[in-house]
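Residue-level listing of the chains:
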Amino acid sequence: MEGVDHLAHERNKSEFDVDAMKIVWAGSPHAFVVSDRISKLVASDPGFRKDNRSTLSRKELFKNTLRKAAYAWKTIIDLHLSEEEAAKLRFYVDEPAFTDVHWGMFIPAIKGQGTEEQQQKWLPLAYKMQIIGCYAQTELGHGSNVQGLETTATFDPQTDEFIIHSPTLTSSKWWPGGLGKVATHAIAYALLIVGGREQGVHGFIVQLRSLEDHSPLPGMTVGDIGMKFGNGAYNAMDNGVLRFDHVRIPRNQMLMRVSQVTCEGKYKQSDVPRQLVYGAMLYVRQTIVADASCALSRAVCIATRYSAVRRQFGSQNGGPETQVIDYKTQQSRLFPLLASAYAFRFVGEWLKWLYADVTQRLQANDFSTLPEAHACTAGLKSLTTTATADGIEECRKLCGGHGYLCSSGLPELFAVYVPACTYEGENTVLLLQVARFLMKTVSQLGSSKKPVGTIAYMTRVEHLMQCRCGVQRGFAELSADLVEAAVAHCQLLVVSKFIEKLQQEIPGKGVKQQLEVLCNIYALFLLHKHQGDFLSTGCITPKHAALANDELRSLYSQVRPNAIALVDAFNYTDHYLGSILGCYDGNVYPKLYEAAWKDPLNESVVPDGYHQYIRPLLKQEIRTARL
Ligand SMILES: CCCCCCCCCCCCC/C=C/C(=O)SCCNC(=O)CCNC(=O)[C@H](O)C(C)(C)COP(=O)(O)OP(=O)(O)OC[C@H]1O[C@@H](n2cnc3c(N)ncnc32)[C@H](O)[C@@H]1OP(=O)(O)O
Ligand SMILES: Cc1cc2nc3c(=O)[nH]c(=O)nc-3n(C[C@H](O)[C@H](O)[C@H](O)COP(=O)(O)OP(=O)(O)OC[C@H]3O[C@@H](n4cnc5c(N)ncnc54)[C@H](O)[C@@H]3O)c2cc1C
């Protein structure tokens, strides 16, 4: 039945003010208004249609992405959108594109590592999109090990230039988004060589393509690296390969905030730490944490709405069957993910604050909180992306067979999202960074340097002092255990930031109570999942473990009547969700049925290839037919 809200009875059950929760989710009344307006603008504009993506060939998909990016830019200009509104528009257009890396990495890298003069020269061009940038760090042979990069930048004092060169096949830049076909410029990372001495990896602004006809400049071999996981999905992005053959760039195109090369060929290090070369990664990891809650909430919204629509078994006296959301097993898989979406939202908000704080301090030459910010961004990036990728897949399974259809939106969401576990730092490699930070802290316990901020709790864990020597001896040997410790530390962060959120004033009828229920689910689910660790370390008794389990079941019952309203609070349009199973009105079956007929395979009743392959088979002519 068109126009009928099949989930109205679910919405009527809710015990809290959904509009107030929408503001909590958005972060502020202002953020809600902007997000709501821009999402509706995108949804109502046929220029941003995306329901045909999975049927396009790679070339069609890519061209369509170019069209959308240009159309989005025109919309931004025509409507005089602010930076905040423009970012929201790109978000709701919901298509991986070169613009993500231009705005998300190229510009932040210049801001973080460029001098004032360099920023004044390059940022206006980038902001107006008169140049399009990518972030060319990873090579065929090295991604995680940034110090192992092989591209060289050799200073030539005769011409006051750097010579950028790829000496080996494995030094080819490999993976950068936007590089393959679009970017005109790159921040390329290369091993700096001055006066015959290697000075570590630095960033350089390199023009790749002509601004007149887009052809690669002399000395550049550049192209796309080929199809990636999933049809459609991340294939809208032109991840690229690039080789430099003694390409010359002016000296002032080395990003020189952290260190400088003079025209006489002197290498000078500022008093800012070398780690600032990694600054762009700090920024992007923080945005990735914020994005995790979006991707997870999207999958959870689909699975929750569909679980309320779907009925299997349990009919009494010819009455309706049971909604699958009423099964305790479904609840025990779905509701912890719902709680995680909210938990990641709040930890993402906090991380944004932490990043703003560290940036302000860095500008005032206070580097004291940089190691903590690195550990938090790296650890939370790892934890939230792993949980989100796993969560999207779990949501697909929660939707049964229909979850496997592209029209459910879940396969594409998974395919687009899952590389987040690898890019911007492979997740295990990042956890090892957190472990290194934790072990450094442990080794300083008992000294005059007291742990503060997110590691202040360590002063209360005195027994860590005893294991100090053992850990210092065998970091590599114990690394698998240390990674688990790093995850536990990050989980503690997530839980404590959720609790801190609840300590704030939260307006709206029943909103705080719902969030308390979700926070308890998040924490108790972790305790339940890792009860072996808690029991074996004597932190809890078997009785506590059983109580936690009982409490979880009771909390699931409290969520049940509010589940649909809790996902409505994400305020996603049907366009953004891109899922028949998750559509707002719950009118799933007619939409699924209709969508099937739109598949290109159904354009003819008898398929192409019938006369060549099916008929000979049926007529037993297969031995004589030429295949
Ligand atoms: C408006 C639009 C918004 C859109 C926003 C969305 C954008 C999303 C875009 C998404 C598109 C995806 C694009 C993907 C891009 C990429 O993937 S770019 C490539 C990213 N590559 C990596 O992440 C590589 C991972 N490797 C590393 O980070 C490092 O090499 C390493 C693992 C940390 C090892 O470094 P190394 O120097 O060799 O070793 P260490 O000795 O361990 O470290 C030295 C010290 O430096 C500290 N440190 C390391 N990283 C940082 C950092 N980022 N910030 C601060 N400090 C750092 C480390 O702790 C060590 O410190 P000490 O212990 O004190 O010595
Ligand atoms: C979709 C996508 C987009 C990307 N976009 C960009 C981009 O725009 N710009 C860019 O520069 N790069 C980009 N990358 C590259 C990305 O940053 C790297 O792939 C990533 O940093 C992982 O590095 P790697 O591929 O070298 O993995 P590897 O380090 O080779 O990882 C392979 C395995 O080795 C393990 N491992 C590695 N080192 C250690 C260690 N020290 N201890 C224990 N285990 C270890 C890892 O855990 C992993 O299991 C992108 C990648 C993808 C998939």
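Residues numbered from 1 in each chain as written. Chains lettered and ligands numbered in written order. Predicted model: local features only at pLDDT ≥ 70, side-chain atom pairs only at ≥ 80, totals over all residues. Heavy atoms only, no water.

Visitor: Report on the overall build of the protein, specifying residues and quantitative values.
Guide: Check the secondary structure of the protein and you find 21 helices and 11 strands. The C-alpha radius of gyration of the protein comes to 27 Å, within 12% of the 25 Å expected for a compact globule of 627 residues. With respect to the principal axes defined by its C-alpha atoms, the protein has extents near 90 × 75 × 60 Å. When each of the 627 residues of the protein is scored for burial, the buried share is 50%. Here the contacts in the protein between residues at least 6 apart in sequence split such that 73% fall between residues at least 24 apart. Each charge sign in the protein was given a centre, from 65 positive and 63 negative side chains, and these centres are 2 Å apart. (Helix = DSSP H or I, 4+ residues; strand = E, 2+ residues; numbered from the N terminus. Rg over C-alpha atoms; globule rule 2.2 N^0.38 Å. Buried < 20%, exposed > 50% of the residue type's maximum accessible area, 1.4 Å probe, protein only. Contact = heavy atoms within 4.5 Å. Lys, Arg positive; Asp, Glu negative; His and termini not counted. Charge placed at Lys NZ, Arg CZ, Asp CG, Glu CD.)

Visitor: Describe the side chain of Lys 50, and please don't skip the residues or the numbers.
Guide: With respect to the helices and strands, Lys 50 occurs in the loop between helix H3 (29–43) and helix H4 (58–78). A relative accessible area of 9% means that Lys 50 is categorised as buried. Of note is the side chain of Lys 50, whose polar atom sits 2.9 Å from the backbone oxygen of Tyr 576. Beyond its immediate chain neighbours, meaning those up to four positions away, Lys 50 contacts Lys 68, Val 93, Asp 94, Arg 298, His 575, Tyr 576 and Gly 578. (Polar contact = N/O pair within 3.5 Å; in protein donor to acceptor, adjacent residues only side chain to side chain.)

Visitor: Please set out the side chain of Gln 119 residue by residue, giving values where relevant.
Guide: With respect to the helices and strands, the residue Gln 119 is situated in helix H7 (residues 116–127). A polar atom in the side chain of Gln 119 sits 3.1 Å from the backbone oxygen of Lys 111. Those residues within four positions of Gln 119 in sequence are excluded, and the remaining contacts are Ile 110, Lys 111, Gly 114 and Pro 124.

Visitor: Please set out the sheet that holds strand E7 (residues 220–224) residue by residue, giving values where relevant.
Guide: Sheet strands associate in pairs through backbone hydrogen bonding, adopting either a parallel or an antiparallel arrangement. With antiparallel pairing, the 3 strands of this open sheet are ordered in space as E4-E8-E7. A single partner strand is all that each edge strand has here, and the edge strands are strand E4 (173–174) and E7. Here E4 pairs with strand E8 (residues 240–244) via 2 bridges, running antiparallel. Along E8, the bridge assignment pairs Lys 173 with Leu 242. (Pairing = 2+ DSSP bridges.)

Visitor: Describe helix H2 (residues 18–26), listing the residues and the values that go with them.
Guide: All of the buried residues along H2 are Ala 20, Met 21, Lys 22, Val 24 and Trp 25. Turning to H2, the residues buried within the fold contact H3, helix H8 (279–309), helix H9 (328–363), helix H14 (479–502), helix H15 (511–529) and helix H18 (563–568). Capping the start of H2, Asp 17 holds a side-chain oxygen 3.0 Å from the backbone nitrogen of Asp 19, two or three residues further along. Once H2 finishes, Gly 27 follows within two positions and takes phi at roughly 110 degrees, a positive value.

Visitor: Describe the UniProt feature "domain: Acyl-CoA oxidase C-alpha1" (unreviewed entry) in the protein, with residues and values.
Guide: Sites flagged by UniProt as "domain: Acyl-CoA oxidase C-alpha1" (unreviewed entry) map to residues 278–439. Taken end to end, residues 278–439 is 72% helix and 0% strand, and its first and last C-alpha atoms sit 21 Å apart. (UniProt positions renumbered as here; feature names shortened; annotations may be inferred.)

Visitor: Before we move on, could you go through helix H11 (residues 410–417) and cite the residues and values that matter?
Guide: Restricting attention to buried positions, one finds in H11 the residues Leu 410, Leu 413, Ala 415 and Tyr 417. Against H8 and helix H10 (370–398) lie the buried residues of H11.

Visitor: With reference to specific residues and values, describe the site of ligand 2.
Guide: Contacts to ligand 2 come from 19 residues, most closely from Tyr 135, Gln 137, Thr 138, Ser 144 and Glu 426. Taking Tyr 135, its main chain carries an N or O atom lying 2.8 Å from a nitrogen atom of ligand 2. In the environment of ligand 2, an oxygen atom lies 3.0 Å from a nitrogen or oxygen atom belonging to the backbone of Gly 177. Considering ligand 2 on its own, with 960 Å² of exposed area, one finds that the protein chains cover 63% of that surface. (Near = heavy atom within 4 Å. Areas by Shrake-Rupley, 256 points an atom, 1.4 Å probe, with all protein chains shown as cover.)

Visitor: Which residues make up the packing of H15 against helix H17 (residues 542–559), and what values go with them?
Guide: Contact geometry for H15 and H17: axes closest at 10 Å, N-to-C directions at 145 degrees. Here the hand of the crossing between H15 and H17 comes out left-handed. Listed contacts from H17 to Val 517, Leu 518, Asn 520, Ile 521, Leu 524, Phe 525, Leu 527 and His 528 of H15 are Ala 548, Asn 549, Glu 551, Leu 552, Leu 555, Tyr 556, Gln 558 and Val 559. Tallied by class, residues from the contact of H15 with H17 come to 11 nonpolar, 4 polar and 1 charged. (Axes fitted to C-alpha atoms, helices over the stretch in contact; angles between N-to-C directions. Left-handed = near helix turned anticlockwise from the far one by under 90°. Nonpolar A, V, L, I, M, F, W, Y, C, P; charged D, E, K, R; others polar.)

Visitor: Now, about the packing of H8 against H10: what can you tell me, with residues and values included?
Guide: At a minimum axis distance of 8 Å, the contact between H8 and H10 shows a crossing angle of 20 degrees. In terms of orientation, H8 lies roughly parallel with respect to H10. The interaxial crossing formed by H8 with H10 has left-handed handedness. Residues belonging to the contact of H8 with H10 are distributed by class as follows: 16 nonpolar, 8 polar and 2 charged. (Parallel < 35°, antiparallel > 145°, perpendicular 65-115°, else oblique.)

Visitor: Could you give me a rundown of the pairing of strand E1 (residues 133–136), with the residues and numbers involved?
Guide: Residues Gly 133 and Tyr 135 point to one face of E1 and Cys 134 and Ala 136 to the other, with burial holding for every one of them. Relative to strand E5 (residues 185–194), E1 runs parallel, the two sharing 4 bridges. Its bridge partner lying in E5, Tyr 135 is registered against Ile 187.

Visitor: Pulling in residues and values, what's your account of the pattern of salt bridges?
Guide: Counting across every chain of the model gives 32 salt bridges. Across the pair Arg 58 and Asp 224 runs a salt bridge whose closest N-O atoms are separated by 3.0 Å. Residue Arg 58 is found in helix H4, and its partner Asp 224 is found in strand E7; the two are separated by 166 residues along the sequence. Here Asp 585 and Lys 591 are joined by a salt bridge, their closest N and O atoms 3.0 Å apart. Linked through salt bridges whose partners overlap, the residues forming this network are Lys 50, Arg 53, Lys 68, Asp 94, Glu 95, Arg 298 and Glu 412. (Salt bridge = Lys/Arg side-chain N within 4 Å of Asp/Glu carboxyl O.)

Visitor: Let's hear about the packing of aromatic side chains: which residues, and what values?
Guide: With the rule as written, the count across this model stands at 22 aromatic pairs. With a centroid separation of 6.4 Å and 50 degrees between ring planes, the pair formed by Tyr 342 and Phe 346 is classed as tilted. Of this pair, Tyr 342 and Phe 346 both sit in helix H9, 4 residues apart, roughly one helical turn. In this structure, Tyr 342 and Phe 346 share a single accessibility class: buried. Here a set of aromatic residues connected by ring pairs shows up, and it is made of Trp 25, Phe 91, Tyr 92, Tyr 342, Phe 346, Phe 498, Phe 570, Tyr 572 and Tyr 576. The ring of Tyr 584 is capped by Arg 11, whose NZ or CZ atom sits 3.5 Å from the centre of that ring. (Phe/Tyr/Trp six-rings, centres within 6.5 Å; stacked < 30°, edge-to-face > 60°. Lys NZ or Arg CZ within 6 Å of the ring centre and 35° of its normal.)

Visitor: Give a detailed account of the site of ligand 1, specifying residues and quantitative values.
Guide: By nearness alone, 26 residues border ligand 1, and Ser 144, Tyr 278, Glu 424, Arg 436 and Lys 440 come closest of all. At 2.7 Å from an oxygen atom of ligand 1 is found a side-chain nitrogen or oxygen belonging to Tyr 278. Here an oxygen atom of ligand 1 and a side-chain polar atom of Lys 440 are 2.8 Å apart. For ligand 1, whose accessible area on its own is 1300 Å², the fraction buried by protein is 79%.

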